[in-house]
Amino acid sequence: GEQRLEDLLHAAIENALLQARAVCLSGSLAPQVPPDFYARVVQKANAFNVPVVVDAPKQPLALALKERPFLVKPNVEEASATLGFALS
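Our subject in this report is the structure included herewith.

Definitions and limits used
Counting starts from 1 at the beginning of each chain's written sequence and moves along it residue by residue. Totals for whole chains, interfaces and linings use all residues, but because this is a predicted model, local features are given only for residues with pLDDT of at least 70 and pairs of side-chain atoms are given and counted only at 80 or more. The basis for every side-chain value is the complete set of heavy atoms in the structure, and neither hydrogens nor water enter the calculation. Only centres within 6.5 Å qualify two rings of Phe, Tyr or Trp (six-membered ring in Trp) as a pair; their planes then separate them into stacked at under 30 degrees, edge-to-face at over 60, and tilted for everything else. Burial here depends on accessible area, computed with a 1.4 Å probe over protein chains only, as a share of the maximum for the residue type. Under 20% is buried, over 50% is exposed, and the range in between is partly exposed. Only residues whose relative accessible area exceeds 30% and that take part in no salt bridge are eligible for patches, with like-charged residues grouped when within 9 Å of each other and nonpolar side chains (Val, Leu, Ile, Met, Phe, Trp, Tyr) grouped when within 5 Å. Note on areas: Shrake-Rupley with a 1.4 Å probe; residue coverage comes only from the protein chains shown. Note on definitions: salt bridges are taken to be side-chain nitrogens of Lys or Arg within 4 Å of carboxyl oxygens of Asp or Glu. Numbering of helices and strands runs from the N terminus; a helix is a DSSP stretch of H or I covering at least four residues, while a strand is a stretch of E covering at least two.

With that settled, the discussion passes to the packing of aromatic side chains. In this structure the tally under the stated criterion is 1 aromatic pair. Ring centres 6.1 Å apart and planes at 50 degrees place the aromatic pair Phe37 and Tyr38 in the tilted group. Each member of the pair, Phe37 together with Tyr38, is buried.

Right, dumping it as structure tokens:
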């Protein structure tokens, strides 16, 4: 089922991290993907000492920030929504 697919995806990510030099997570998540998906990938990559760049909107970005990615690249709208105040 759906949980099995998610487990397979995370196993594939861990396998890829064995040889990765960096990871880029970019864009909106599909509706069925949990909002902490990018955060979980950042957490795994950090365990492998692989730097992660995150370019994502709102909740996925906020959750990923908690895992301390190497770099984030939100646009002004994404940064404003994530931080909760207007930026000019």
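Residues Val76, Leu83, Phe85 and Leu87 make up a contiguous nonpolar surface patch of roughly 380 Å² in combined accessible area. Tracing the sequence through the fold places Phe85 in the segment after helix H4 (76-83).

This next bit is on the pattern of salt bridges. What the rule picks out here adds up to 3 salt bridges. Between Glu14 and Lys44 there is a salt bridge, with the nearest N and O atoms lying 2.9 Å from each other. With Glu14 in helix H1 (residues 2-17) and Lys44 in helix H2 (residues 37-47), the pair connects residues that are 30 residues apart, well separated along the chain. Taking relative accessible area as the criterion, Lys44 reaches 19% and is therefore assigned buried. Note that Asp55 and Lys73 form a salt bridge whose closest N and O atoms lie 3.7 Å from each other. Of the two residues, Asp55 sits in strand E2 (residues 52-55) while Lys73 sits in the loop between strand E3 (71-72) and H4, which places them 18 residues apart along the sequence.

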